[in-house]
Amino acid sequence: MKCYLGLDAGTQSLKAVLINAAAGEVVASASVNFGRELPQYQSPNGFVPDSDPTVRQADPLMWLDALDLVLEKLSNAGAPLQLVAGISGSGQQHGSVYLNGRFAPIIGALDPERPLSGQLAPALSRRLAPIWMDHSTTPECAELTARFGERLRNETGSPAIERFTAAQIRRFARIDPEDWNATAAVHLVSSFLGSVLCGAALPVDCGDGAGMNLLDLSTRKFDPLIAEFCAPGLAGRLPEVVPDDRIVGGSAPYFARYGIPTGTPVVVFSGDNPNSLIGVGGGRPGVAVVSLGTSDTFFAAMPDFRTDPDGCGHVFGNPAGGFMSLICFANGSLARDTVRRQCGADWDFFDRTALELTAPGNGGRLMLPYFVPECTPPVGTAGAVYNFDAGAAAPAELIRAVLESQALRMRLHSQWQGETFRRLRITGGASGSVGFRQILADVFEATVESIAVADSAALGAALRAAAAIGAATFEELWEKFCSPVETVAPRAGTAPVYRRALREFAVLERSVS
Ligand code: XUL
């Protein structure tokens, strides 16, 4: 039996999925929750709390401790890591890790007797890594826009975006030039972890690289002018960009301590969204993916390259070939959970009962669930907005309002792709909610399909490893691992209700952004 390992360093946890590609089976899986299992990093939600709410940074050493721990868990559980024939991985997109000249020699000689975090600590030129939730770079985005204008969107697939790496690097080089000068290499979360796994600095792929505002998607090379504008010498400190199916190295001897044979082929890591696209079987056009997590994301394989005129949607490389769209909504599960807690409701009431007590359309009640600053559309300050008196509303009405509004904004902001999606694949924590699935089906007038595996980014990484190494084609793998286990059809009669709600939602959104 040959196995393939997928790793995913997300916002709140690091997950691992081990698959038997031929049998179509998940052989083992494990996860490490940063807040709960690594309390020493004081990051209950995966980032270090900061007095400035626009700043969101995480400790890269926490991700390394999580990598050690997740592999230890797999190995202690008897997972057949000695049968791993290929590995790939996934990282939360946009986050960047800054490394000094010691990075390469340290990862090239990892001591199997000591944890990774202690060995890598001296290699960080910046103690904390800005992650995708960071919004501190509005001035840098304005400067990038003033200098490059439409070129950014046309070339990199997105206008200047706060959480994207270009603005983050520019801010770092400006406020901390000394540490910038000590930086020999900038990695994404994905390529940082991949590099440690291989014991050598690794490239990025076009899926994750496109989340930097630096990559020219037509040439698949970093734009040296944009790079130089962000920080002096940046072009020479960026990883190489390679195709998404490239085998970029072999696992380092360090990982033999968990049973992984030294030299096991490693396929270039990618971002969590491109990996999820593969992990839910959405790599070909026709089906859109709704991923309900800390952030909610909507993404789909794109038949051709086009960009969002409103600047909210993004274009990334699709690991199955071509491009993918992505629209990210920062107020995902946190918003749902905030409303649930405000209503004093348990999940069962939230997911089912509240929706049975209210009618589709909710009597016109809509809300903008901005409990944290939002990226789609960009709204810099937190504060939920209601078109009704929230204080006087029943808990069930508030719950329907948040769920319907979240579905409506996804439909509204995915229209630029010019496609009417008749199938949605749903994944992530809240995809278990029967009520939310029905609302999505009704709002999109589409069939909502669920698959059995929840950890779609880690699974996607494992499938990418298997496909790149030649175990099977994506189509064969999708059939085995990603066939829908449950579908929800739109209900008759709801379409006109939600078409009207969509128009009203667009008006409400425009009134505040
Ligand atoms: C996408 C985005 C998030 C992160 C974390 O642009 O910022 O989805 O990838 O999941």
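Here, every reference points to the structure presented above.
About the criteria used
Residues numbered from 1 in each chain as written. Predicted model: local features only at pLDDT ≥ 70, side-chain atom pairs only at ≥ 80, totals over all residues. Heavy atoms only, no water. Pairing = 2+ DSSP bridges. Helix = DSSP H or I, 4+ residues; strand = E, 2+ residues; numbered from the N terminus. Axes fitted to C-alpha atoms, helices over the stretch in contact; angles between N-to-C directions. Contact = heavy atoms within 4.5 Å. Phe/Tyr/Trp six-rings, centres within 6.5 Å; stacked < 30°, edge-to-face > 60°. Buried < 20%, exposed > 50% of the residue type's maximum accessible area, 1.4 Å probe, protein only. Lys NZ or Arg CZ within 6 Å of the ring centre and 35° of its normal. Salt bridge = Lys/Arg side-chain N within 4 Å of Asp/Glu carboxyl O.

Concerning the sheet that holds strand β18 (residues 314–317)
Read from one edge of the open sheet, seven strands run β18-β19-β17-β16-β24-β25-β26, paired in mixed fashion. Each end of this open sheet is capped by a strand with a single partner; those strands are β18 and β26 (486–488). Going across the sheet, the axis of each strand differs from the next one's by a mean of 25 degrees, ignoring polarity. Across seven bridges, strand β17 (residues 296–302) lies against strand β19 (residues 323–329) in antiparallel orientation. Of the residues in β19, the one forming a bridge with Ala 300 is Ser 325. Docked against the sheet, helix α12 (residues 272–279) engages β16 (288–292), β17, β18 and β19, running at close to 65 degrees with respect to β17.

Quick word on the packing of aromatic side chains
The final tally for this structure, using the stated rule, is 12 aromatic pairs. With 5.0 Å between their ring centres and 75 degrees between their planes, Tyr 254 and Phe 255 make a pair best called edge-to-face. Classification of Tyr 254 as buried rests on a relative accessible area of 1%. Among the residues examined, Phe 255 registers a relative accessible area of 0% and is labelled buried. Through successive ring pairs, a cluster of aromatic residues spans Tyr 98, Phe 172 and Trp 180. Against the face of Phe 229 rests Arg 170, its NZ or CZ located 4.1 Å from the ring centre. Over the aromatic face of Trp 347 sits the side chain of Arg 340, whose NZ or CZ is 4.5 Å from the ring centroid.

Quick look at the environment of Ala 167
Its location among the elements puts Ala 167 in helix α7 (residues 165–175). If sequence neighbours within four positions are ignored, Ala 167 has contacts with Thr 137, Glu 140, Cys 141, Leu 144, Ile 161 and Glu 162.

So, the side chain of Ser 450
Mapped onto the fold, Ser 450 is located in strand β25 (residues 447–450). With sequence-adjacent residues up to four places away left out, Ser 450 is seen in contact with Ile 426, Arg 437, Ser 483, Pro 484, Val 485 and Glu 486.

Focus: the pattern of salt bridges
Under the definition given, this model contains 24 salt bridges. A salt bridge links Arg 284 to Glu 475; its shortest N-O distance comes to 2.6 Å. Of the two residues, Arg 284 sits in the loop between α12 and β16 while Glu 475 sits in helix α18 (residues 474–481), which places them 191 residues apart along the sequence. Classification of Arg 284 as partly exposed rests on a relative accessible area of 34%. Residue Glu 475 is classed as partly exposed on the basis of its relative accessible area of 40%. Among the salt bridges present, the one from Glu 445 reaches Arg 411, with a minimum N-O distance of 3.3 Å. With Glu 445 in the loop between α16 (434–444) and β25 and Arg 411 in helix α15 (residues 395–413), this residue pair connects regions lying 34 residues apart in the sequence. The two residues Glu 445 and Arg 411 agree in class, both being buried. By sharing partners, the salt bridges in this structure join Asp 296, Arg 336, Glu 374 and Arg 409 into a single network.

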